[in-house]
2 protein chains.
Amino acid sequence: MKKPTIKDVASLSGVGTGTVSRVLNGGSVKETTRIKVMKAIDKLGYQPNQVARTLAGGKTKRILFLMPEIRTEFHWRVMKSFDEYLDKMNYEMVIYPVFSDKRLKKLRSDPSLIQNIDGAVICTMNIEFLSRKYIDFGTNVVLFESQSDEFDCVYLDNVLGGRMAAELLIECGSTDLFVISFDEENTILATENFEKRILGFTSYLKEKGYEFNEEKLVYTSFFFETAHERIASILSEYDRPGIFALADNFALEVLQMASAMKKIPGKDFFLVGYDNQSWTERAGLTTIEQPMEDMGRKTAELIIQKIENPGQYVQPVKFLPSLKRRKTA
Amino acid sequence: MKKPTIKDVASLSGVGTGTVSRVLNGGSVKETTRIKVMKAIDKLGYQPNQVARTLAGGKTKRILFLMPEIRTEFHWRVMKSFDEYLDKMNYEMVIYPVFSDKRLKKLRSDPSLIQNIDGAVICTMNIEFLSRKYIDFGTNVVLFESQSDEFDCVYLDNVLGGRMAAELLIECGSTDLFVISFDEENTILATENFEKRILGFTSYLKEKGYEFNEEKLVYTSFFFETAHERIASILSEYDRPGIFALADNFALEVLQMASAMKKIPGKDFFLVGYDNQSWTERAGLTTIEQPMEDMGRKTAELIIQKIENPGQYVQPVKFLPSLKRRKTA
DNA sequence: TTGTAAGCGTTATCAA
DNA sequence: TTGATAACGCTTACAA
């Protein structure tokens, strides 16, 4: 049995297709006819054909979410919250993972996906890839986790986040301060966010007369923690060292090593993470919170706003980190 | 300036739209006209409109990849490989993340995404959600990481994987055998894969007369390793215990604890992981390999095959695990 | 407030 | 091998 079309609905309810379309899209129709039409729609189980709708010039109500290979809790929670708001507003999210530079080029050359969208969110991507010369979305774009004055964008004040971590660790009495960062040469990713955290941290230290040098910057990797030895030596060689982990993941590595070495967090050493991932509370990890849900939601609001009221000024939205103080610092 | 359409191409090259369409879709056209048309396409920078194409009954060349919230290396590598083959065959992947049951229901009630696809791959999802009664894709479906005789599917022999791990650990001389599994009550995920690994492991043990009970099953969590204390006690209390980590991630936790406790893998204890994630070689972790790239590619082949030759029999494709023997066992 | 009909950009059918 | 033309299912003037 064929799927019912707008014509079927029209003839069953004894009106023209235009009227049905108006019912569907919120045009002005008499209440009694609206009800008639709705009944017919219900009875037939009619679902508008998006493809036809798009071709006829309607909106797709579909938003593209461009993301690099991100497997962090942070990004998933942002995405979930983003999607939830979209859903509430009757929009739909389509994800396009940018595994590689090549895939991004493909997106540029093959506009079929872009033809189908009302807007796009570009997530945590290197600014150089975002230039209009590189990809012309010909559509509404909001950047997430990068700054730009060419596009609307949503980001967190990472410099401030770094400063807050530094301030707290000094307050705890640490004089030897370390940063655990990560080692990644993925050119697609926006690494500026990490750099800013380090910048905030070190500049605060400098202001307060503390020393920081490259040696105190420890590298690990996102999914295979590789800094065991370095961490073990920091924990055993220094007196109450202060450690700033640029992501909660990295802090976990420290906690594990410490647990095995019988070092007590908040006493033998101090530790501040970043993100406020869901497990950190249970673990008692002090961390710099990013308001993931708010950020995701705001991104959704922004893109929908742009779609529905075109031609607005570019809006940068800056979120502020906040301190979740728990046992480790 | 408006985008050029097929009509523009037709008139510029002095042929009918039908001919242009045939050039585009591989119908039979005289070589000289083909060249003429190609030149016009090039000159205008013409790109076919996918939406119109779809409405007119053409294929979208778009495949939906339905996935739960998976942040593992395994799934991303499978996805990459899947996507790469699709790309080669001029198909396109669209990801639909199933954050929750609710989102799956939404997919069912809102067919706009499904209207746009030629086929769907359903990844690592609980079989109960896959019943035709629940979602009618009305399209070609291939299951990844679940078994079914209703759908084509691609999966690994996890029972065999478990057996291989057991065999190796016994061969190493361990008499106390442990499994590290994970604690997850996400009802959307196909947990059968983990259960089968355990089944294979324990049944082999039983055959060989080894004892295994619930106490030897240690639970941790995927992204926040929570089994520190259990692992520490296993490592210190037993003589050369054998540990089977149901995913390489979990093995990492063991390696870290061991490193801090000065226990030497492959000597003081034996450890077998699962997946053969990229970092395991560097870490010297013995592991049960899943051929991720092959599996992703095969999944792509299968779905394209179904699309292009409809009405075939249901094909289950079983992959075999293999042992990557390194330092830890 | 309504119905009619002209697009939207393709593919597919059918004569020529 | 071709060109003309009828779908495809919708939105949106325009006229009634």
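None of the values given here were measured: they were computed from a predicted structure. (Residues numbered from 1 in each chain as written. Chains lettered and ligands numbered in written order. Predicted model: local features only at pLDDT ≥ 70, side-chain atom pairs only at ≥ 80, totals over all residues. Heavy atoms only, no water.)

**Quick word on the interface of chain B and chain A**
Link 1 in the chain: Listed as interface residues are 54 residues of chain B and, on the opposing side, 54 residues of chain A.
Link 2 in the chain: At the boundary of chain B with chain A, total buried surface from both sides reaches about 4900 Å², with 59% on carbon and sulfur atoms.
Link 3 in the chain: Between B:K80 and A:E69 there is a salt bridge, with the nearest N and O atoms lying 3.0 Å from each other.
Link 4 in the chain: Linking chain B with chain A are 2 residue pairs in polar contact (both at pLDDT 80 or more). (Contact = heavy atoms within 4.5 Å. Buried area = accessible area lost by both parts, 1.4 Å probe. Salt bridge = Lys/Arg side-chain N within 4 Å of Asp/Glu carboxyl O. Polar contact = N/O pair within 3.5 Å; in protein donor to acceptor, adjacent residues only side chain to side chain.)

**Quick look at empty space enclosed by the protein**
All names here are of chain A.
Link 1 in the chain: Under the defined criterion, the tally for this structure stands at 4 cavities of 30 Å³ or more.
Link 2 in the chain: Taken as a whole, the second largest cavity spans an internal volume of roughly 50 Å³.
Link 3 in the chain: Lining the second largest cavity we find E145, S146, Q147, Y155, L156, N158, E192, N193 and K196.
Link 4 in the chain: If you list the elements that add at least two residues to the lining of the second largest cavity, you get β5 (152-156) and α9 (192-207).
Link 5 in the chain: Structurally, the lining of the second largest cavity is a two-domain feature, drawing no fewer than three residues from each of domain 2 (62-155 + 292-320) and domain 3 (158-290). (1 Å grid on protein atoms, 1.4 Å probe; cavity = no way out; pocket = protein on both sides within 12 Å on 5 of 7 lines; lining within 4 Å. Points joined across faces, edges and corners; volume = space filled by probe spheres on them. Helix = DSSP H or I, 4+ residues; strand = E, 2+ residues; numbered from the N terminus. Domains from an automatic or database assignment.)

**What to know about the protein's contact with DNA strand C**
Link 1 in the chain: Within the structure, DNA strand C sits among 26 residues, and A:T19, A:R22, B:I6, B:S21 and B:A56 are positioned closest to it.
Link 2 in the chain: Each atom of DNA strand C within 4 Å of the protein belongs either to a base or to sugar and phosphate, the latter forming 66%.
Link 3 in the chain: With respect to DNA strand C, the backbone of A:G14 contributes an N or O atom lying 3.5 Å from a phosphate oxygen.
Link 4 in the chain: Within the side chain of A:R22, an N or O atom sits 2.7 Å from a base oxygen of DNA strand C.
Link 5 in the chain: Elements with a minimum of two residues in the surface near DNA strand C: α2 (17-25) of chain A together with α2 (17-25) and α4 (50-55) of chain B.
Link 6 in the chain: Broken down by element, the surface near DNA strand C gets its largest block of residues, 4 residues, from α2(A).
Link 7 in the chain: Residue composition of the surface near DNA strand C, grouped by class: 9 nonpolar, 13 polar and 4 charged. (Near = heavy atom within 4 Å. Nonpolar A, V, L, I, M, F, W, Y, C, P; charged D, E, K, R; others polar.)

**Quick look at the domain arrangement of chain A**
Link 1 in the chain: Segmenting chain A into domains produces domain 1 (6-52), domain 2 (62-155 + 292-320) and domain 3 (158-290).
Link 2 in the chain: For domain 1 of chain A and domain 3 of chain A, the distance between their C-alpha centres works out to 60 Å.

**Let's talk about the pattern of salt bridges**
Link 1 in the chain: Enumeration according to the criterion identifies 28 salt bridges over all chains in this entry.
Link 2 in the chain: Here A:K267 and A:D268 are joined by a salt bridge, their closest N and O atoms 4.0 Å apart.
Link 3 in the chain: Classification of A:K267 by relative accessible area gives exposed; the value is 52%.
Link 4 in the chain: Residue A:D268 is classed as partly exposed on the basis of its relative accessible area, which comes to 22%.
Link 5 in the chain: Several salt bridges share partner residues, and in doing so they unite A:E69, A:R71 and B:K80 into one network. (Buried < 20%, exposed > 50% of the residue type's maximum accessible area, 1.4 Å probe, protein only.)

**Thoughts on the nonpolar core**
Link 1 in the chain: Formed by 156 residues in total, the largest nonpolar core has its most connected members in A:F244 and B:F244.
Link 2 in the chain: Core analysis: the next-biggest nonpolar cluster, separate from the first, contains 38 residues, A:Y96, A:L107, A:C153 and B:Y96 among them. (Core = buried A, V, L, I, M, F, W, Y, C linked by side-chain atoms within 4.5 Å.)

**Looking at helix α1 (residues 6-13) of chain A**
Residue and element names in this part refer to chain A.
Link 1 in the chain: Three or more residues of α1 are buried, namely V9, A10 and S13. Across the axial projection of α1, the buried residues extend over an arc of 100 degrees, all falling on one side. For α1, exposure combined with an orientation more than 90 degrees from the buried face picks out K7 and S11.
Link 2 in the chain: Buried residues belonging to α1 abut α2 and α3 (31-44).
Link 3 in the chain: G14 lies just past α1 and shows a positive phi near 70 degrees. (Arc of directions from axis to C-beta.)

**Comments concerning the sheet that holds strand β7 (residues 217-220) of chain B**
Residue and element names in this part refer to chain B.
Link 1 in the chain: Read across the sheet, 6 strands follow the order β7-β6-β8-β9-β10-β12 without closing on themselves; strand pairing throughout is mixed. The two strands at the open ends of the sheet, each matched to only one other strand, are β7 and β12 (322-324). Going from strand to strand, the sheet's axes swing by 25 degrees on average, the running direction of each strand aside.
Link 2 in the chain: Inspection of the sheet shows strand β6 (residues 177-182) paired to β7 by 4 bridges, in the parallel sense. Looking at β7, one finds that S181 is bridged to Y219.
Link 3 in the chain: In the packing of helix α9 (residues 192-207) onto the sheet, the strands contacted are β6, β7, β8 (242-245) and β9 (270-275), and the crossing angle to β6 comes to about 170 degrees. (Pairing = 2+ DSSP bridges. Axes fitted to C-alpha atoms, helices over the stretch in contact; angles between N-to-C directions.)

**Brief notes about the UniProt feature "domain: HTH lacI-type" (unreviewed entry) in chain A**
Link 1 in the chain: If you check UniProt for "domain: HTH lacI-type" (unreviewed entry), the listed places come out as residues 4-57 of chain A in our numbering.
Link 2 in the chain: As annotated, residues 4-57 of chain A has a helix share of 69% and a strand share of 0%, and its two end C-alpha atoms lie 21 Å apart. (UniProt positions renumbered as here; feature names shortened; annotations may be inferred.)

**Regarding the side chain of A:D152**
Residue and element names in this part refer to chain A.
Link 1 in the chain: With respect to the element layout, D152 can be found in strand β5.
Link 2 in the chain: Judged by its relative accessible area of 1%, D152 falls in the buried class.
Link 3 in the chain: A polar contact of 3.4 Å, which involves the side chain of D152, links it to the side chain of K306.
Link 4 in the chain: For D152, the residues in contact, after removing those within four places along its chain, are V141, V142, L143, L302, K306, Y313, V314 and Q315.

**Considering unusual backbone geometry**
All names here are of chain A.
Link 1 in the chain: With a phi angle near 50 degrees, T124 is a residue other than glycine that sits in the positive phi range.
Link 2 in the chain: The topology assignment puts T124 in the loop between β3 (119-123) and β4 (140-144).
Link 3 in the chain: With a phi close to 60 degrees, K262 is a non-glycine residue in the positive phi region.
Link 4 in the chain: For K262, the position within the fold is in the loop between α11 (248-261) and β9 (270-275).

**Re the pairing of strand β2 (residues 92-98) of chain A**
Residue and element names in this part refer to chain A.
Link 1 in the chain: Judged by how many residues are buried, β2 sits mostly within the fold: 7 of 7 residues are covered.
Link 2 in the chain: The alternating pattern of β2 places E92, V94, Y96 and V98 on one face and M93, I95 and P97 on the opposite face, and all of these are buried.
Link 3 in the chain: Relative to β2, strand β1 (residues 62-68) is paired through 7 bridges, and the arrangement is parallel. Its bridge partner lying in β2, R62 is registered against E92.
Link 4 in the chain: The parallel pair β1 and β2, bridged by helix α5 (residues 73-88), forms a crossover whose chirality is right-handed. (Right-handed = clockwise from strand over helix to strand, strands pointing away.)

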